[in-house]
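What the coordinates show
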Amino acid sequence: MTFAASMLAHSLTLAPGGGGDAAHASLADAPIVAATADPSLAWMGWVLALPAISAVLCALCAAFRVKNKLPAICTVLALGSAFALVLKLYLARGPGAAPVTVHLWDWMNFGWGGGPWKSFQADVSLYIDSLTLLWMLFVTGLGTLIALYASEYMEAERGPGYARFFFGVSVFLLAMSALVMADNLVLLYFGWEGVGLASYLLIGFYYRKPSAVAAAKKAFIMNRVGDLGLAVGIWLIWVNYGTVEFGALFQAFDDAARGVGGWDRSLIPFCLMLGAFGKSAQLPLFTWLPDAMEGPTPVSALIHAATMVTAGVYLIARMQPLFSLHPDAMATVGWIGALTALLAATIGMAQYDIKRVFAYSTISQLGYMFMGLGVGTAFGAAYHVFTHAFFKALLFLTAGAVMHGFAGQLDLRHLSGLRRVPGFRIVSWTMLIGCLWLSAFPYSAGFFSKDLILVQAMSSPRFQMLGWIGLGTAALTAYYTFRVWFRVCAGPVAYAPGDEDHGHDDPAHDAHGHAAHGDDAHGHDDHGGAFHPHAPRLAINSVLLLICAGAILAGVPGIQALRGEQNWVQEMVSNSSAVRAAGVDHVTEPVAFGMDPHKLVTVFGTGACLGGIAIALWIHLLDRRMADRLRTALLSNGLTRWLPTSMENKWYVDELYHALFRLPAWVTSHLLHFFDRHFIDGLLVNGLGRVPVAMGRLFQPLYNGALQGYAGTMAGGLVLVLAWVAWKWLGATGGAA
């Protein structure tokens, strides 16, 4: 253990042979390198054009009702080509190249006078630095692999639904690429809203399911709250710095004058973090992500695990300099991340749906990323984004393979021993790799990236509590992760199909992927038939193996550091706008139990991982009845009943939001509807309109078309006139007297 601690400490130095407060201070004061224009890289515009072309082709396939896999082929080729272009640029530039801008075409350019703050410019241009390339490598790479996986997973929808799915995937990759590569905040916001639209379309893909429609609306509406904060933040940035272009903005921020404006500058980081919290499912805007599991599993892997939900982390890393505008901004990010990680982990412990367990795990791991940003290591956060993208995509895709093969079954209480089921060995063992990496098993990629964040937290007296929260959450993570694997993949073979049928258009699937609802836990239905799981084929298995290899290779940067080289991801972050948070403090003084932060995190982190796995092994494999006995004991005790009940009901956060927001909004809307219908429309509009109608009806009998009637009316009118004249005359005479 001492050797491991020393090696980890060495891996956390700020540079090869470097470290310490002096190095950290130099990074904190490091200027952001100014971006230069490079028209020769205009070919990178194809990274945006290719998904757009794929979306158009998929739309045409839907219009012409193409029933083959042409939409998938178009999407995979387009995304694969985009990945090849990104990889080509990375290999040509390397991780240490200076940032450049690439102008594609004019978009917004307004002017209303001379001088600063008298113009507004936001073109379709690219801002390419190492942070951009880091994100785009796994966005396009994983996007290509997951699209290939979906070509088999979604084949039961062949026809308009198949094309509609890949249209949504193409739109998402277009928007995500625009978000990451944008050279200004307006184009970034365009991509930000685009990924939200694509997420809405894909979550609600099964639009005939009320739960899917509700989940899509919930995600869309809750994200609007965060997006409003981001929009206000962009406006405040322009008001204070006169530009929304990254290159000019960072230079204006580094200027001694720091632009104009006053107290509103301190609001900028909080507005930006509100947008980030909404998109990345952090407190208090996290409840949409578990419900998003109603969408197809490839969507969960691509959008809600590996790419879109990391957009908030990217935003804060990209705008990291502006978070110094308020002294408590980064601390707020760190505390929100740590509390989200802990809360989501406790909920994940008590869920039975495999995808929802992984969804809460995603929220928890995103919390680690935000904690890393908050405690001052954008490097640790970015590295955890990178490693998490692979192993969490792998876990979701293995869950999708199980769901696909067992007719929608995802309840871990109805699945067991899949590693012995023919055709599911690759699924089971790749899931094991994902579980080990998620649990931060020693010397896995997750171990290196998560421990960077925890060491940075432990190195600062201000954030040590966050470090302890992170270590406690790590133990919970290891437990609920292997709770899934020991229940689903280990133990005796036993399974029952779910209530969905992915193969209603495919006779081959009908024979293997569907069974009656009366099947028992061993896969035998009540009618004497037998359920046969549908094993994944080449597309799914090959993608699982490739992403598993990617998850393993994601630990190479950590191995680089162990060998005395600089961590590759750290080098990427160091050559971006997040340079001032591109290190990890190398503190050698004891902080607790006579151990320095590196040794402390190694000892307690390893103990948390192995302890959580051991508990899961005991009560979910060696003695599975122990879990039921423990739950029963907790429920039977009045002092502890609240714990399992609250965790299983997700701490009643949805119910709280319903009471605080949905119910008052519902009551208010009905009151306003009543007021509008009966007072505005009923009394004022329609009521006043009825007055002349009523007057007309009052005099209607006098105009009946008979001559004597008109004569009587004239006589009556004359009498009234004479009476009025006489009354006025008598009144005037009386007044004179």
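Use the structure listed above.
Residues numbered from 1 in each chain as written. Predicted model: local features only at pLDDT ≥ 70, side-chain atom pairs only at ≥ 80, totals over all residues. Heavy atoms only, no water.

**Some remarks on the overall build of the chain**
- Counting secondary structure elements, the chain contains 28 helices and five strands.
- Sorting the 737 residues of the chain into buried and exposed places 55% on the buried side.
- Once local pairs closer than 6 in sequence are excluded, the contacts in the chain between residues at least 24 apart make up 78%.
- Of the roughly 29,900 Å² of accessible surface on the chain, 68% is carried by carbon and sulfur atoms. (Helix = DSSP H or I, 4+ residues; strand = E, 2+ residues; numbered from the N terminus. Buried < 20%, exposed > 50% of the residue type's maximum accessible area, 1.4 Å probe, protein only. Contact = heavy atoms within 4.5 Å. Areas by Shrake-Rupley, 256 points an atom, 1.4 Å probe, with all protein chains shown as cover.)

**Remarks on helix H18 (residues 445-458)**
- Look at H18: 20 Å from first C-alpha to last across 14 residues, which is about the 20 Å you get at 1.5 Å a residue.
- With respect to burial, H18 is a largely interior element, 14 of its 14 residues being buried. (Expected span 1.5 Å × (residues − 1).)

**Some thoughts on the nonpolar core**
- Trp135 and Met319 are the most contacted members of the largest nonpolar core, which totals 226 residues.
- Residues in contact with Trp135, not counting those within four places in the same chain, are Met176, Val180, Thr310, Val313, Tyr314, Ala382 and Val385. (Core = buried A, V, L, I, M, F, W, Y, C linked by side-chain atoms within 4.5 Å.)

**Some thoughts on the sheet that holds strand S2 (residues 100-111)**
- In space, the three strands of this open sheet follow the order S1-S2-S3, with mixed pairing throughout. The two strands at the open ends of the sheet, each matched to only one other strand, are strand S1 (36-37) and strand S3 (119-128).
- Looking at chain direction, S2 and S3 are connected through nine bridges and run antiparallel. Counterpart to Phe110 in the pairing with S3 is Phe120. (Pairing = 2+ DSSP bridges.)

**A closer look at unusual backbone geometry**
- The omega torsion of the bond from Leu283 to Pro284 falls at 0 degrees, within 30 degrees of zero and hence cis.
- Topologically, Pro284 is positioned in the loop between helix H10 (268-279) and helix H11 (288-291).
- The phi torsion at Ala281 lies on the positive side, around 55 degrees, for a residue other than glycine.
- You can see Ala281 is positioned in the loop between H10 and H11.
- Phi at Lys650 takes a positive value of approximately 60 degrees, unusual for a residue other than glycine.
- Mapped onto the elements, Lys650 comes out in the loop between helix H26 (642-648) and helix H27 (653-699).

**What to know about the pattern of salt bridges**
- In this structure the tally under the stated criterion is 16 salt bridges.
- One salt bridge in this structure joins Arg318 and Asp129, with 2.7 Å as the shortest N-O distance. Of this pair, Arg318 sits in helix H13 (residues 311-318) while Asp129 sits in the loop between S3 and helix H5 (130-153); the two residues are 189 residues apart in sequence, bridging distant segments of the chain. With respect to class, Arg318 is no different from Asp129; both count as buried.
- A salt bridge links Arg224 to Asp227; its shortest N-O distance comes to 2.3 Å. Within this pair, Arg224 and its partner Asp227 are both found in helix H8 (residues 210-241), separated by three residues, close to a single helical turn.
- Here the residues in one salt-bridge network are Lys209, Lys218, Asp291, Glu294, Arg356, Lys650 and Asp654, joined through shared partners. (Salt bridge = Lys/Arg side-chain N within 4 Å of Asp/Glu carboxyl O.)

**Details of H5**
- Over its 24 residues, H5 runs 34 Å from end to end, which matches the ideal 34 Å to within 8%, given 1.5 Å per residue.
- The N-cap of H5, judged by a side-chain oxygen 3.2 Å from the amide nitrogen of Leu131 a few residues on, is Asp129. (Polar contact = N/O pair within 3.5 Å; in protein donor to acceptor, adjacent residues only side chain to side chain.)

**A closer look at the packing of aromatic side chains**
- Summed over the entire model, instances satisfying the criterion amount to 36 aromatic pairs.
- Aromatic pair Trp468 and Phe604: ring centres 5.4 Å apart, planes at 85 degrees, arrangement edge-to-face. Within this pair, whereas Trp468 is found in helix H19 (residues 464-488), its partner Phe604 is found in helix H24 (residues 597-622), the two being separated by 136 residues in sequence.
- Residue classification places Trp468 among the partly exposed positions, given a relative accessible area of 30%.
- On the basis of relative accessible area, Phe604 is assigned to the partly exposed category, the value being 30%.
- Aromatic ring contacts, followed pair by pair, group Tyr90, Trp135, Phe138, Tyr314, Phe386, Phe390 and Trp568 into a single cluster.
- One cation-aromatic arrangement involves Arg224 over Phe220; the distance from NZ or CZ to the ring centre is 4.2 Å. (Phe/Tyr/Trp six-rings, centres within 6.5 Å; stacked < 30°, edge-to-face > 60°. Lys NZ or Arg CZ within 6 Å of the ring centre and 35° of its normal.)

**Some remarks on empty space enclosed by the protein**
- A complete count under the given rule lists seven cavities of 30 Å³ or more for this structure.
- In this structure, the second largest cavity spans a volume of roughly 60 Å³.
- Forming the walls of the second largest cavity are Phe286, Thr287, Pro290, Asp291, Ile347, Tyr360, Lys650, Val653 and Asp654.
- Going through the elements one at a time, H11 and H27 are the ones with two or more residues in the lining of the second largest cavity.
- Each residue belonging to the lining of the second largest cavity can be placed in one class, and the counts come to five nonpolar, one polar and three charged. (1 Å grid on protein atoms, 1.4 Å probe; cavity = no way out; pocket = protein on both sides within 12 Å on 5 of 7 lines; lining within 4 Å. Points joined across faces, edges and corners; volume = space filled by probe spheres on them. Nonpolar A, V, L, I, M, F, W, Y, C, P; charged D, E, K, R; others polar.)

**What about the packing of helix H17 (residues 425-438) against helix H21 (residues 538-553)?**
- Running from N to C, H17 and H21 cross one another at 25 degrees; their axes reach a closest spacing of 10 Å. Taken as axis vectors, H17 and H21 run roughly parallel relative to one another. Here the hand of the crossing between H17 and H21 comes out left-handed. Residues Ile426, Val427, Thr430, Ile433 and Trp437 of H17 form the contact with H21, whose participating residues are Asn541, Leu544, Leu545, Cys548, Ala551 and Ile552. (Axes fitted to C-alpha atoms, helices over the stretch in contact; angles between N-to-C directions. Parallel < 35°, antiparallel > 145°, perpendicular 65-115°, else oblique. Left-handed = near helix turned anticlockwise from the far one by under 90°.)

**Observations concerning the packing of H5 against helix H6 (residues 160-181)**
- One can describe the packing of H5 onto H6 by two numbers: an axis separation of 10 Å at closest approach and a directional angle of 175 degrees. Our classification of the angle between H5 and H6 gives roughly antiparallel. Of the residues in H6, those touching H5 at Thr132, Trp135, Met136, Val139, Ala147, Ala150 and Ser151 are Tyr162, Phe165, Phe166, Leu173, Met176, Ser177, Val180 and Met181.
- Among the residues forming the contact of H5 with H6, the class breakdown is 12 nonpolar, three polar and no charged.

**Focus on the side chain of Ser428**
- Mapping Ser428 onto the fold places it in helix H17.
- Within polar-contact distance, the side chain of Ser428 engages the backbone oxygen of Phe424 at 2.8 Å.
- Not counting chain neighbours up to four residues away, the residues in contact with Ser428 comprise Leu418, Arg419, Trp485 and Cys489.

**Thoughts on a nonpolar patch on the surface**
- There is a patch of nonpolar side chains on the surface, built from Trp46, Ile53, Val56, Leu57, Leu60 and Phe64 and spanning about 610 Å² of accessible area.
- You can see Val56 is positioned in helix H3 (residues 46-63).
- Under the relative-accessibility criterion, Val56 is labelled partly exposed at 48%. (Patch = residues over 30% accessible without salt bridge, like charges linked within 9 Å, V, L, I, M, F, W, Y side chains within 5 Å.)

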